[in-house]
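Below, each chain spelled out in residue letters.
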Amino acid sequence: MSGSDGYKLYDCSTLLLKVTSSSLTKAQRRWRIAYATIYSFRVMVSLAKEIISKRGSQQPSVISHLHPYVSLDIEPSSSKHWGENFLPSSFAPKIDKNKLVETVKEKDLVSLDQLGGVEGVAAALRTNPENGIRDDDQEVIKRQEMFGRNTYHKPPPKGLLYFVLDAFKDTTILILLACAALSLGFGIKEHGAEEGWYEGGSIFVAVFLVVVVSALSNFRQETQFDKLSKISNNIKVEVVRGGRRQQISIFDLVVGDVVFLKIGDQIPADGLFLDGYSLQVDESSMTGESDHVEVDATRNPVLFSGSKVADGYAQMLVASVGMDTAWGEMMSSITSDKNERTPLQARLDKLTSSIGKYDGSKTDVDDILNAVVRIVAAAVTIVVVAIPEGLPLAVTLTLAYSMKRMMADQAMVRKLSACETMGSATIICTDKTGTLTLNQMKVTQFWLGQESIEEVLANRIEPSVLELFYQGVGLNTTGSVCKPISGSILEFSGSPTEKAILSWAVLGLGMDMENLKQKYSILHVETFNSEKKRSGVSVRRKADQTIHVHWKGAAEMIVAMCSQYYESNGIIKSMNEEGKSKIETIIQSMAASSLRCIAFAHKQVSREEMEYDDDSGKTHQRLKEDGLTLLGIVGLKDPCRPGAKNAVEACQSAGVGIKMITGDNIFTAKAIATECGILGSDYDGESGEVVEGIEFRNYTPDERMEKIDKIRVMARSSPFDKLLMVQCLKQKGHVVAVTGDGTNDAPALKEANIGLSMGIQGTEVAKESSDIVILDDNFSSVATVVRWGRCVYNNIQKFIQFQLTVNVAALVINFIAAVSAGEVPLTAVQLLWVNLIMDTLGALALATDRPTKELMQKPPVGRTEPLITNIMWRNLLAQALYQIVILLILQFQGESIFNVSEEVNDTLIFNTFVLCQVFNEFNARKLEKQNVFKGILKNRLFLGIVGITIILQVVMVEFLKKFADTEKLNLWQWGVCILLAAFSWPIAWFVKLVPVSDKPFFSYLKRSKIIFTILKRAIYHRKPDRT
């Protein structure tokens, strides 16, 4: 019975016809008659049960208690279909869910044997071990209803109210509330309840608005993180359904599915080992034990979800999903902490608290100069001004915005800090395959011995050699070939390399995968990994019981294991030094054409050569690794990605060094590096820019540190070499980003400042070890991440410059006015209003700018660079000084200059101050460029926010007289305010012509402090004059 008809009801009429067929023996006819009798009787009993249940009889059915038959499990004799059963059209498992769950969780082998072993569980779950469950939506839904979905219960997300209450815990908000309460009390005492509540009440309203805006922002961020978390947890799992291998979401996995596992995969559910080789599992996430656990069909067939495949490959029968798994129970009790503070946020928190401490010393002066009521009023205004609570909000907004935009640009941020750290990257260590290249392999050259087979025709190769090639390709692979029932086009699955070789062998050499598997049985497998760079298999031919060992892997490594080679006519020739040299030249010429070279080797061995005993006397199998016969070499072309060269050039022009680390041989690595622009056209081969992993590894520590900056390409590297390079680069003071896709890349990804894993080819282990997942595996996306990282940092700097200009100007004005006149021109409510519209709207306007080309024309920002640069100090001090001068003139001479009342003059000061910030918002768009209007029409959000700010200010001045303590202004007065504010544009233009030193501004203050300390010690510790 074939795999495709394994799901059809067995036709009894056909069975009876076959019984009478003369082709059957007497014994076969008896068995078929017995089966037909038993089958018919069971159908009649089930029909009787159904009829009785439909009539709604309350009496216990007599038939249901009768057992006048023996249940036989009749299986075909072919081992190919072990466990296959005749599936009814509707899914009805013959197993208790709870018993199965407990058996797997407890690793209870006795209970598993009672269930019939793994084969019995597969049969009870109506699963064909080779073809899986039906590829039918109805069956999947039925299984989900009976056994549950593969999802975990998580604590409910935090609501808006939580963030509102959390905002009230902020020290600044509590200070403002206390000041508002005091202001309310003193206001009522001084002006009575009818008029005295305005100021205190207005502060309460303003504080409430600040709290609501902050809470909404944090709530939005939480929602965004939840969405990203769902995307990152949505792992793709390879299963077989209806005889067809396919990738599905981990959430769509059901009990009964057959899952394919390979190195680096996370086990998606609890299950049982069906088939596979050399499977070792890392269960440290479950048990805490670091030693890998061997899994096989007899001693330890249980696999736990959340574990990682450390070696080998296998097929697993899913036994329990979701909350029924041990991992599900653990995950449901863990709440993820999303209150991660990035380095930039921590620096801003420190800046905020430092400024907050600064204002305390000023209120001490007020203690001496003013009466109690006025002290409180002045203190409130200075507190409001001094603490720039908009800075953390700006960071939150820009990080959330950039994370969302980076998602659209094929980069999923897993750790917040990576957003800004990527902007400081000085070196990117990148893989070749799939990152700089398309990872679309195709066999373009084939060499048999020293002969090139230009057109791959099976009839040109000796049948015995061709048969060995079939073994080496079809049995030493983790890929598969599937012919769908619905179509005639073959489907190839596996890694790009495996798919390319399989399609070449099937379509070019005429290999029949199904026929091959029936003729041979696999004895032992050594799986491929990035350290060994080869995979091996031993097989037994069923016809004559001979054992054959096959190796496949990096061409020069396989050739080194060979002492002979086959020719296309079947003749075996000895591989002397001259012959080996010729074959190595062939490999080098293929590699120089950017081809990946894969060699195949074979040796027939005896059972004794396959076995060895360890120290404990236990017998193990191993594969012969020397004296092999070279079968042939294939060259696979993997073209460079179209945008890779431009992306490399963009990074290099931005001062970011690119180093390519690959497992391919040195000639392939050079060719691809030159094609992508990593190596220049002037590369001479003697400059030390290209090394092999073993050479780099064998350097002394001093030699490595000396040569590390020159190295651009490292070929034939192991994961340890990549880790070693990252460690050396960090010791040299570099900020290092590393790409990786394999399980063995995890240490380097963790060690690097920014780990970048691949979304398509990357294993789950690599993704968990990384900070950012590159969803399309494209180096252009890596360059985009660098651009976004710089954009985040630049946006924060823009907002800091804008915010500090407001703070410095308002603080100085209010302080001077409070000290000299005992009154402040800007009231608490007005300053809260300024803080609200400038912090929130200013953050939205400046923190959401998209990356520009100019960002990639500057050198990277070092980790020790000050957050506020000299350029920012120049800009903000110039603007703050202008605002202070203008507003102090208005404060002391405004009434006489404009011939207005004190109330109107205060309104003029307030209005001019706000409009100055609106105009300065344009200046803040460009920290260095004089043309601040470039690209402004593309940023509609910025223009919209400026418009909203102006509208709100008009409403505040003209309509909210009592709330804001303002007076209406006429058109002439509005014109004066706008004209005074507009002067900030030409001032900014001229100020940017003033050159500034690269040396941090505060370093001069530190030097002055040191000189002052030395002088003071010299004076006070001077030796007394003896005369």
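The rules behind these values
Throughout, residues of each chain are indexed from 1 in the direction in which the sequence is written. Owing to the predicted nature of the model, reporting of local features is limited to residues with pLDDT of at least 70; listing and counting of side-chain atom pairs is limited to 80 or more, with chain, interface and lining totals taken over all residues. Neither water nor hydrogens contribute to the side-chain values; these are computed over all heavy atoms in the structure. Only DSSP runs of H or I covering at least 4 residues are called helices, and only runs of E covering at least 2 are called strands; the numbering of each starts at the N terminus. We call a residue buried when its accessible area falls under 20% of the maximum for its residue type, exposed when it is over 50%, and partly exposed in between, using a 1.4 Å probe and counting protein chains only. A contact between two residues is defined here by any heavy atoms of the two lying within 4.5 Å. Surface exposure here means Shrake-Rupley accessible area, sampled with a 1.4 Å probe, where a residue is shielded only by the protein chains that are shown. For two strands to count as paired, DSSP must find a minimum of two bridges between them. Surface patches are drawn from residues lacking salt bridges whose relative accessible area is over 30%; two like charges belong together within 9 Å, two nonpolar side chains (Val, Leu, Ile, Met, Phe, Trp, Tyr) within 5 Å. Think of a salt bridge as a Lys or Arg side-chain nitrogen and an Asp or Glu carboxyl oxygen that are within 4 Å of each other. Only four residue types enter the charge count: Lys and Arg as positive, Asp and Glu as negative, with His and the chain ends excluded. By convention, charge coordinates are those of NZ in Lys, CZ in Arg, CG in Asp, or CD in Glu. Given a helix with a known number of residues, its expected span is that number minus one, times 1.5 Å. Working convention: axes come from line fits to C-alpha atoms, limited for helices to the stretch in contact. Angles between N-to-C directions cover 0 to 180 degrees. Angles below 35 degrees are treated as roughly parallel, those above 145 as roughly antiparallel, those between 65 and 115 as roughly perpendicular, and all remaining angles as oblique. Gly is put with the polar residues, along with every residue not named as nonpolar or charged; the nonpolar set is Ala, Val, Leu, Ile, Met, Phe, Trp, Tyr, Cys and Pro, and the charged set is Asp, Glu, Lys and Arg. The definition used for a disulfide is geometric: two cysteine sulfur atoms within 2.5 Å. Each Phe, Tyr or Trp ring, with Trp reduced to its six-membered ring, pairs with another whose centre is within 6.5 Å; inter-plane angles below 30 degrees give stacked pairs, above 60 give edge-to-face pairs, and intermediate values give tilted ones. Geometrically, a charge over a ring is one whose NZ (Lys) or CZ (Arg) sits within 6 Å of the ring centre while staying within 35 degrees of the ring normal.

Engineer: Could you clarify how one ought to interpret the overall build of the chain in this entry?
Structural biologist: Counting secondary structure elements, the chain contains 37 helices and 28 strands. Here the chain holds 1027 residues, and the buried ones make up 50% of them. Relative to all contacts within the chain whose residues are 6 or more apart in sequence, the contacts with residues 24 or more apart total 72%. Split by element, the accessible area of the chain, about 48600 Å² in all, is 56% carbon and sulfur.

Engineer: Whenever I open this one, the pairing of strand S1 (residues 236–241) confuses me. Can you help?
Structural biologist: Regular strands place side chains that alternate from one sheet face to the opposite one. With respect to burial, S1 is a largely interior element, 5 of its 6 residues being buried. Here S1 pairs with strand S3 (residues 258–261) via 2 bridges, running antiparallel. Following the sheet pairing, Val239 is matched in S3 by Val259.

Engineer: Sorry if this is basic, but what is going on with a positive patch on the surface here?
Structural biologist: A contiguous patch of positive charge, built from Lys154, Arg220, Lys227, Lys230, Lys404 and Arg405, is present on the exposed surface. Broken down by secondary-structure element, the contributors of at least two residues to the positive patch are helix H9 (193–233) and helix H14 (390–408). Residue contributions to the positive patch peak at 3 residues, all from H9. Locating Lys154 in the fold gives a position in the loop between helix H6 (137–147) and helix H7 (160–167).

Engineer: Where do I start with helix H16 (residues 463–474) in this structure?
Structural biologist: An α-helix turns once per 3.6 residues; consequently, residues spaced three or four apart project the same way. For H16, spanning 12 residues, the distance from its first C-alpha to its last is 16 Å, which sits close to the expected 16 Å at 1.5 Å a residue. Taking burial as the measure, the 12 residues of H16 include 10 buried ones, the bulk of the element. Among all positions of H16, only Val465, Leu466, Glu467, Leu468, Phe469, Tyr470, Gln471, Gly472, Val473 and Gly474 are buried.

Engineer: I'm lost on the pattern of salt bridges in this one. Help?
Structural biologist: Two side chains of opposite charge can pair, provided their charged atoms sit close to one another. Within the structure shown, the criterion is met by 31 salt bridges. Taking the shortest distance from any N to any O, the salt bridge between Asp296 and Arg299 comes out at 2.9 Å. With relative accessibility at 17%, the residue Asp296 sits in the buried group. Arg299 gets classed as exposed once you look at its relative accessible area, which sits at 53%. Here Glu467 and Lys519 are joined by a salt bridge, their closest N and O atoms 3.5 Å apart. Of this pair, Glu467 sits in helix H16 while Lys519 sits in helix H18 (residues 513–519), and the two are 52 residues apart along the sequence. Taking relative accessible area as the criterion, Glu467 reaches 17% and is therefore assigned buried. Several salt bridges share partner residues, and in doing so they unite Arg134, Glu139 and Arg143 into one network.

Engineer: So what exactly am I meant to see when it comes to the sheet that holds strand S25 (residues 713–715) here?
Structural biologist: For sheets, the rule is that strands pair by backbone hydrogen bonds, running either parallel or antiparallel. Taken in spatial order, the 8 strands of this open sheet run S8-S28-S27-S26-S9-S23-S25-S24, and their pairing is mixed. Unpaired on one side and paired on the other, strand S8 (411–413) and strand S24 (690–692) mark the two borders of the sheet. Neighbour-to-neighbour, the strand axes of this sheet turn through a mean angle of 20°, independent of strand direction. Bridge count for S24 against S25 is 3 bridges, and the pairing is parallel. Residue pairing for S25: Glu692 is matched across the bridge by Ala715. Packing against the sheet, helix H23 (residues 666–676) makes contact with strand S23 (657–661), S24 and S25, and its axis sits at approximately 150° to S25.

Engineer: Could you clarify how one ought to interpret a negative patch on the surface in this entry?
Structural biologist: Taken together, the side chains of Glu895, Glu902, Glu903 and Asp965 make up a negatively charged region of the molecular surface. By the element assignment, Glu903 lies in helix H32 (residues 902–923).

Engineer: Help me out: how do you make sense of the packing of H32 against helix H33 (residues 940–959) in this one?
Structural biologist: In a pair of packed helices, the angle between the axes and the distance between the axes together describe the arrangement. One can describe the packing of H32 onto H33 by two numbers: an axis separation of 11 Å at closest approach and a directional angle of 180°. On the basis of their axis angle, the class for H32 and H33 is roughly antiparallel. Only Phe942, Ile945, Val946, Thr949, Ile950, Gln953, Met956 and Val957 of H33 make contact with H32, whose side of the interface consists of Thr907, Phe910, Asn911, Val914, Val918, Glu921 and Phe922. Here the contact of H32 with H33 is composed, by residue class, of 10 nonpolar, 4 polar and 1 charged.

Engineer: Help me out: how do you make sense of the environment of Cys179 in this one?
Structural biologist: Mapped onto the elements, Cys179 comes out in helix H8 (residues 171–191). Judged by its relative accessible area of 11%, Cys179 falls in the buried class. Counting along the chain gives 21 residues from Cys179 to Gly200, while the straight-line C-alpha distance between them is 8.1 Å.

Engineer: Sorry, what's going on with unusual backbone geometry here?
Structural biologist: Most peptide bonds are trans, and most residues other than glycine sit at a negative phi. Backbone geometry places Asn439, a non-glycine residue, at a positive phi of 60°. The residue Asn439 is located in the loop between strand S9 (427–430) and strand S10 (442–448) in this model. Classification of Asn439 by relative accessible area gives buried; the value is 13%.

Engineer: Looking at this model, I keep getting lost on the pairing of S10. Mind explaining?
Structural biologist: Direction of pairing for S10 relative to strand S22 (residues 628–637): antiparallel, over a ladder of 5 bridges. Each residue of the ladder has a partner; that of Trp447, found in S22, is Ile633. Looking at chain direction, S10 and strand S11 (residues 451–452) are connected through 2 bridges and run antiparallel. Across the sheet, the residue bridging to Leu448 is Glu451, located in S11. The turn joining S10 and S11, which pair antiparallel and follow one another in sequence, is formed by 2 residues; a positive phi near 65° is taken by Gly449.

Engineer: What am I meant to see in the state of the cysteines here?
Structural biologist: One way to say it: the disulfide is the covalent bond shared by the sulfur atoms of two cysteines. Applying the stated criterion across every chain, the model contains 0 disulfides. Not part of a disulfide, Cys977 finds its nearest cysteine sulfur in Cys916, a span of 9.1 Å. With a relative accessible area of 1%, Cys977 lands in the buried category.

Engineer: Please explain the packing of aromatic side chains as it appears in this structure.
Structural biologist: The geometry of an aromatic ring pair comes down to the distance between the two centres and the angle between the two planes. Across all of its chains, the model carries 15 aromatic pairs by this definition. Each ring, one from Tyr277 and one from Tyr313, has its centre 6.0 Å from the other, and the planes form 65°; the classification is edge-to-face. With Tyr277 in strand S4 (residues 270–282) and Tyr313 in strand S7 (residues 308–320), this residue pair connects regions lying 36 residues apart in the sequence. Each member of the pair, Tyr277 as well as Tyr313, carries the same accessibility label: buried. With centroids separated by 6.0 Å and ring planes inclined at 50°, the aromatic side chains of Phe922 and Phe933 adopt a geometry described as tilted. Of this pair, Phe922 sits in helix H32 while Phe933 sits in the loop between H32 and H33, and the two are 11 residues apart along the sequence. Under the relative-accessibility criterion, Phe922 is labelled buried at 11%. The class for Phe933 is partly exposed, based on a relative accessible area of 37%. Through pairs of rings, three or more aromatic residues link up here, namely Phe919, Phe922, Phe933, Phe942 and Trp985. It is Arg534 that lies over the ring of Trp551; its NZ or CZ is 5.0 Å from the centre.

Engineer: Help me understand a nonpolar patch on the surface in this model?
Structural biologist: On the surface, a nonpolar cluster with roughly 510 Å² of combined accessible area is contributed by Ile950, Ile951, Val954, Val955, Phe959 and Leu960. Among the structural elements, Leu960 can be located in the loop between H33 and helix H34 (961–964).

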